[in-house]
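# Fold and geometry: a report
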Amino acid sequence: MTSPMWRMGCAASAGGRLALCAGLTNSANSSSLPRTPFVVDDTMFRQQQRSAHRSLTSTQTFYAKAVAKKEHNMGSTDSVSYEKIERGSLYGNDYRIFFKGPNGFISPWHDIPLYADEANKVFNMVVEIPRWSNAKMEGYIWNYGALPQTWENPSHVVSETGAKGDNDPIDVVEIGSKVHCSGDIVQVKVLGTLALIDEGETDWKLVSIDVNDPLATEMNSIGDVEKHFPGLLKATVEWFRIYKIPAGKPANEFAFNGEYKDREYAHKIIEETNKFWKALIKEVSPKLNTLMGREKDVSTRLIRPTVPEIDITQLLMFVKRWDPNWELDGSIKIYDEGIAQYMLVDPQSHYKYFAAIILSKPSLRCKLVEEEPEDLLDQETGNKFSLVCLITKNSY
């Protein structure tokens, strides 16, 4: 589910809907998980999203013009400061988050230490998607991210699940009261893990809490989660089970009958994925998941064009002659430029993509390519793409 964060950013679809990847920056906007039985409903999501969008709109100018700096203790022996640099307009395709350490720009996957305090099993979590935001789908119920310097090896069959790793850093949800921002590095302690089987791949979901959360000292096991956040564990299983159904995919499955494994088991999984990562970076040409030429199901909301012009007549021919196989055959080529954003590579892919948008296709199986395409759209004055077309029922 997670993509290694080479560059973090956000994407807007051709219809102008924003896939938001930056979170709330004002602590006054932070919300707390309820201490009463946890029930996720549409009203809760709508209220939280309205609050988030109001706050983000008020800080848009800051994101577009300023550089955000923040210091973190990223290791157990050395205090390392870094800058989280945000470029571009928050609501535009040019929005990026970069990480800079004492010696220049860094990779949040490879250069941030796994452990903040190894002796006490405190880990560094890189936040990708803030709680209640909708960067990739509607309504995250926790802060979502990954542990750096881990890798779920796609060549290794996990004996307990019978499935190979998903070729990503290990995912982690943080259940504390604070809504963190995209790109934040948060020190967490892991309480347990869930074994998701996502499209035939093992996709561990660690459950953690910020060590600075008011309840952190009382949270030492997966059982403590139910005690202090009743219903949250059950809601988390259901969330991961159904989140791909709107895209026309089947419900996900789980190993261990959907039951959580304890803290010690989770620590063992983390250590194992850290060893896989260490072996990966020693390879001459490591097969990272952004460079594999793999096929991947991608929401049409997360794909963006790279050319400033589309021939309407030719586009309508693609609509008229739409082949359902195009949704599954990987003939649409994309480049993964960072979290939740993909660039179209060639003219054929552009026409198929826009035809899919017109026909309201929610997702497409695309082929990931290694080489970044030339972004002609980004070179245009004003960085705008205009597609004007009046389509009636009998136009094609």
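About the cut-offs
Every chain's residues receive numbers from 1 upward, in the order its sequence appears when written. The model is predicted, so local features are restricted to residues of pLDDT at least 70 and side-chain atom pairs to those at 80 or more, both for listing and for counting; the totals for chains, interfaces and linings are taken over all residues. Only hydrogens and water are set aside when side-chain values are computed; all heavy atoms of the structure are taken into account. Note on conventions: DSSP H or I runs of at least 4 residues are helices, E runs of at least 2 residues are strands, and numbering of each starts at the N terminus. Three exposure classes are used, based on accessible area relative to the maximum for each residue type with a 1.4 Å probe and protein chains only: buried under 20%, partly exposed in between, and exposed over 50%. Two residues qualify as a contact provided that any one of their heavy atoms is within 4.5 Å of a heavy atom in the partner residue. The method behind every accessible area is Shrake-Rupley, applied with a 1.4 Å probe, and residues are considered shielded solely by the protein chains displayed. We treat two strands as partners when DSSP finds at least two bridges between them. All axes here are fitted lines through C-alpha atoms, helices being fitted over the stretch that makes contact, and every angle between N-to-C directions spans 0 to 180 degrees. Ring geometry is summarised as follows: Phe, Tyr and Trp rings, the Trp one being its six-membered ring, pair when their centres sit within 6.5 Å, and such pairs are stacked at plane angles under 30 degrees, edge-to-face over 60 and tilted between the two. Either the NZ atom of lysine or the CZ atom of arginine qualifies as a charge over a ring when it sits within 6 Å of the ring centre and within 35 degrees of the ring normal. Note that the arc is computed from the directions linking the helix axis to the C-beta atoms. We call two N or O atoms a polar contact when they sit within 3.5 Å, provided that within protein one can donate a hydrogen and the other can accept it, with sequence-adjacent residues counted only if both atoms are side-chain atoms. The criterion is simple. A nonpolar core is a set of buried Ala, Val, Leu, Ile, Met, Phe, Trp, Tyr and Cys residues joined through side-chain atoms within 4.5 Å. For a crossing to be left-handed, the near helix must be turned anticlockwise from the far one by less than a right angle; the clockwise case is right-handed. Basically, the charged four are Asp, Glu, Lys and Arg, the nonpolar ten are Ala, Val, Leu, Ile, Met, Phe, Trp, Tyr, Cys and Pro, and anything else, Gly included, counts as polar. Per-residue confidence from the prediction method is given by pLDDT, with values spanning 0 to 100.

## Some points on the overall build of the protein chain
On a plain count of helices and strands, the protein chain comes out with eight helices and 21 strands. For the protein chain, the proportion of its 396 residues judged to be buried stands at 54%. Counted over contacts in the protein chain with a minimum sequence separation of 6, partners at least 24 positions apart contribute 72%. As displayed, the protein chain has an accessible area near 17,900 Å², and 49% of this comes from carbon and sulfur atoms.

## A word on the sheet that holds strand 18 (residues 303-304)
Strand order across the open sheet formed by five strands is 17-21-19-20-18, with mixed pairing between neighbours. Looking at which strands have only one partner, the edges of the open sheet turn out to be strand 17 (295-299) and strand 18. Here strand 18 runs beside strand 20 (residues 341-344); their pairing, made up of two bridges, is parallel. What sits directly across from Arg304, in strand 20, is Met343. Contacts from helix 7 (residues 347-358) reach strand 18, strand 19 (332-338), strand 20 and strand 21 (363-368), with the element oriented near 90° to strand 19.

## What about the pairing of strand 13 (residues 171-174)?
With burial as the criterion, each face of strand 13 is covered, one bearing Asp171 and Val173 and the other bearing Val172 and Glu174. Across four bridges, strand 10 (residues 143-146) lies against strand 13 in antiparallel orientation. If you follow Asn143 over to strand 13, its bridge partner there is Glu174. Two strands pair when backbone bridges link them, and strand 13 and strand 15 (residues 201-210) are joined in this way by four bridges, in the parallel orientation. Counterpart to Asp171 in the pairing with strand 15 is Lys205.

## Quick word on the packing of aromatic side chains
Here the structure, examined in full by the defined rule, presents 17 aromatic pairs. Measuring from centroid to centroid gives 5.6 Å for Tyr140 and Tyr144, while their planes differ by 65°, and the two rings are edge-to-face. Just as Tyr140 is buried, Tyr144 falls in that class too. Ring plane angle 45° and centroid distance 5.8 Å describe the contact between Phe318 and Trp326, whose orientation is recorded as tilted. Residue classification places Phe318 among the buried residues on the basis of a relative accessible area of 12%. The exposure class assigned to Trp326 is buried, which follows from its relative accessible area of 15%. Pairwise contacts between aromatic rings join Tyr140, Trp142, Tyr144, Trp239, Phe240 and Tyr243 into one cluster. One cation-aromatic arrangement involves Lys261 over Phe256; the distance from NZ or CZ to the ring centre is 4.6 Å. Positioned above the aromatic ring of Tyr265 is the side chain of Lys261, whose terminal nitrogen or guanidinium carbon lies 5.2 Å from the ring centre.

## Quick look at helix 6 (residues 312-320)
The set of residues buried in helix 6 consists of Leu315, Leu316, Phe318 and Val319. One side of helix 6 holds all its buried residues, which, seen down the axis, span an arc of 155°. Among the exposed residues of helix 6, those oriented more than 90 degrees off its buried face are Thr313 and Lys320. The secondary structure elements touched by the buried residues of helix 6 are helix 7. If you check the start of helix 6, you find a side-chain oxygen 2.9 Å away from the backbone N of Thr313, and it comes from Asp311.

## Observations concerning the nonpolar core
Ranked by internal contacts, the top residues of the largest apolar core, which has 28 residues, are Trp142, Ile175, Met219, Val225 and Phe240. For this core, the secondary-structure elements that each account for two or more residues are strand 14 (185-198), strand 15, helix 3 (222-228) and helix 4 (232-242). With six residues, helix 4 is the largest single contributor of residues to this core. Counting 21 residues, the second largest nonpolar core, distinct from the first, contains Ile310, Leu315, Ile332 and Cys366.

## Focus: the packing of helix 6 against helix 7
Orientation of helix 6 relative to helix 7, taken along the N-to-C sense of each, is 65°, at an axis distance of 9 Å. Where helix 6 crosses over helix 7, the two elements pack in a sense that is right-handed. When helix 6 is examined against helix 7, the residues Gln314, Leu315, Phe318 and Val319 are found in contact with a partner set consisting of Gln348, Tyr351, Lys352, Phe354, Ala355 and Ile358. When grouped by side-chain class, the residues that make up the contact of helix 6 with helix 7 number seven nonpolar, two polar and one charged.

## A short note on the confidence of the model for the protein chain
Averaged over every residue, the pLDDT of the protein chain is 76; the share at 70 or more is 69%. Below a pLDDT of 50 lies the segment residues 390-396, which in the model reaches eight contacts outside its immediate sequence neighbourhood of four places, other chains included.

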